[in-house]
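What the coordinates show
Here's the letter readout for the chains.
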Amino acid sequence: MNTPRIAVIGAGPGGLTCATILQKHGIAVTVHEADAAAEVRDQGGSLDLHADSGQLALKEAGLLESFFALSRPEGQEMRQYDAISGELGFHHVPDEDEAHRPEIERGVLRDMLLDSLTPGTVRWGHALRAVEGPSDGPRLLRFTDGTTTEADLVIGADGAWSPVRAAISAALPQYTGITFVEAWFHDADTRHPDIAEFVGNGSAIAGDGARGMFAQHNGGGHIRVYLIQRLALDWLAQAGLTHDDTEGIRAFLLDAYRDWAPGLRRVITDNDGRYLQRPINALLVPHIWEPSPTITLLGDAAHLMPPLGLGVNLAMLDALELALALAHNPVIDDALRAYEKTMIPRSHQTQTELDGRAADLMADDPFNAEDPQAHLNAQDNQPRPPAT
Ligand SMILES: Cc1cc2nc3c(=O)[nH]c(=O)nc-3n(C[C@H](O)[C@H](O)[C@H](O)COP(=O)(O)OP(=O)(O)OC[C@H]3O[C@@H](n4cnc5c(N)ncnc54)[C@H](O)[C@@H]3O)c2cc1C
């Protein structure tokens, strides 16, 4: 390659992993990120990185040892409660050396990736508005602050509502009909010991077929809970509520979960602060776009799916494969075709498997209670509840 100008849009896990591996192979890259700085936005909770995807990417990036030092293997604990009786059913306690899916905080993962990049690689506060210019390049990146820059290759790692995707595809995420209402418990071991005990070191789930709950012990003593239901996008307005009407939302939830065991309903009554709305969107299946010699996509920008525990791992696997394709093919177009030849069929298969599966998050038997071990031994590309 004749020093192509490579622009990654988005400093999420996918974009930063791609940039890190490109630099490891001596390839120059600039990352443009909408956030004003690394620390301005809460990155969210904990993620499990799988041995056959996220961890593979970190190994190529030379960060696997750092990941194991920063991750929480105890976070692989999983509990399933009966929603109505409150009894503990399935319970997996990880072995001491279990390293299949250790948990790491999103912010810790981002910092680890940022620290591995050449200083100045990320241009913060650069929200892309649109990609312009001829399909064979150079491309013009137009940012919301009015600035522009040129690139020979644009990698869209800019998430669900990707403006890069808009240059090659008309697809837009659609609401799945499922909403997570998010609640938090801070300093849980001290301030909410009963909730901390109920959740354990990892995750706890319950469902009755129409409502679900996913609780997770995050780093720093925080516990995050998702209350999962099928709701209209404007359910708050329909119920005469607003986002900051914490007591009104709590009353709504208590009514919806009225049949649940009192111990489980405490995640609705005892939480700290306001509830956050997380409507779950997905791209229609299959998501197909015209191949371009100057633009490609990875992660959620390419294949936004319901959050069943695969999104970050797929984004990092895409990033690994794209960076290696660019390192091993002297012509960018050849590299993109080689990358997409693997990534697109994999994404379509996984999208198809997960299509409409957001409702699994409310199932009363998500782990195949007959054979819970089957879940743990399953391939990593099997759906599972979210663990963010
Ligand atoms: C509620 C919920 C729970 C989830 N739980 C899990 C889980 O447990 N495990 C899992 O694997 N996945 C989970 N996911 C999915 C996971 O978050 C995504 O699949 C993953 O973050 C995708 O990574 P990415 O790098 O492609 O995109 P993102 O993480 O979305 O990163 C995109 C980056 O691009 C930036 N950006 C956006 N627009 C622009 C712009 N215009 N210009 C410049 N920069 C821009 C953003 O600020 C961000 O930094 C969950 C998702 C949700 C909604």
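Residues numbered from 1 in each chain as written. Predicted model: local features only at pLDDT ≥ 70, side-chain atom pairs only at ≥ 80, totals over all residues. Heavy atoms only, no water.

Selection criterion: UniProt positions are given in the numbering used here, feature names are shortened, and annotations may be inferred rather than shown by experiment.
If you check an unreviewed UniProt entry, the protein appears there as Flavin-dependent monooxygenase from Streptosporangium jomthongense. Of the protein, the UniProt comment under Subcellular location (unreviewed entry) reads exactly: "Cytoplasm". Note on the protein: under the UniProt heading Function (unreviewed entry), the record states "An FAD-requiring monooxygenase active on some tetracycline antibiotic derivatives, which leads to their inactivation. Hydroxylates carbon 11a of tetracycline and some analogs."

1. Quick look at the packing of helix α1 (residues 13-24) against helix α4 (residues 106-116)
Applicable threshold: Angular values range over 0 to 180 degrees, each being the angle between N-to-C directions of two axes fitted as lines to C-alpha atoms, with helices fitted over their stretch in contact. Runs of H or I in DSSP of at least four residues are treated as helices and runs of E of at least two as strands, each being numbered from the N terminus. Working definition: roughly parallel below 35 degrees, roughly antiparallel above 145 degrees, roughly perpendicular at 65 to 115 degrees, and oblique for all remaining angles. Helix crossings fall into two classes, left-handed where the near helix is turned counterclockwise from the far one by less than a right angle and right-handed where it is turned clockwise. In this analysis, two residues are considered to be in contact whenever any of their non-hydrogen atoms come within 4.5 Å of each other. Under the scheme applied here, ten amino acids are nonpolar (Ala, Val, Leu, Ile, Met, Phe, Trp, Tyr, Cys and Pro), four are charged (Asp, Glu, Lys and Arg), and all others, including Gly, are polar.
Viewed as axis vectors pointing N to C, α1 and α4 meet at an angle of 25°, and their least axial separation amounts to 9 Å. Between α1 and α4, the interaxial angle falls into the category roughly parallel. As α1 packs across α4, the resulting crossing turns out to be left-handed. Contacts between α1 and α4 involve Pro 13, Leu 16, Thr 17, Thr 20, Gln 23 and Lys 24 on the former and, on the latter, Leu 109, Arg 110, Leu 113, Leu 114 and Ser 116. Split by residue class, the contact of α1 with α4 holds five nonpolar, four polar and two charged.

2. Notes on the side chain of Ser 46
Here is the rule we go by: Relative accessible area decides the class of each residue, using a 1.4 Å probe on protein chains only: under 20% of the type maximum gives buried, over 50% gives exposed, and in between gives partly exposed. Polar contact criterion, stated in full: a pair of N or O atoms within 3.5 Å, where within protein one must be able to donate a hydrogen and the other to accept it, and residues adjacent in sequence count only if both atoms are side-chain atoms.
Summarising the element assignment, Ser 46 is placed in strand β3 (residues 46-48). Look at Ser 46 and you get buried, because its relative accessible area is 0%. Reaching out from Ser 46, the side chain makes a polar contact with the side chain of Arg 72 at a distance of 3.1 Å. One polar contact links Ser 46 to Glu 103, side chain to side chain, over a distance of 2.7 Å.

3. Quick look at the UniProt feature "binding site: NADPH" (unreviewed entry) in the protein
UniProt marks Arg 41 with the feature "binding site: NADPH" (unreviewed entry), using the numbering shown here. Its location among the elements puts Arg 41 in the loop between β2 (30-32) and β3. Judged by its relative accessible area of 42%, Arg 41 falls in the partly exposed class. Excluding residues within four positions of it along the chain, Arg 41 makes contact with Asp 35 and Arg 110.

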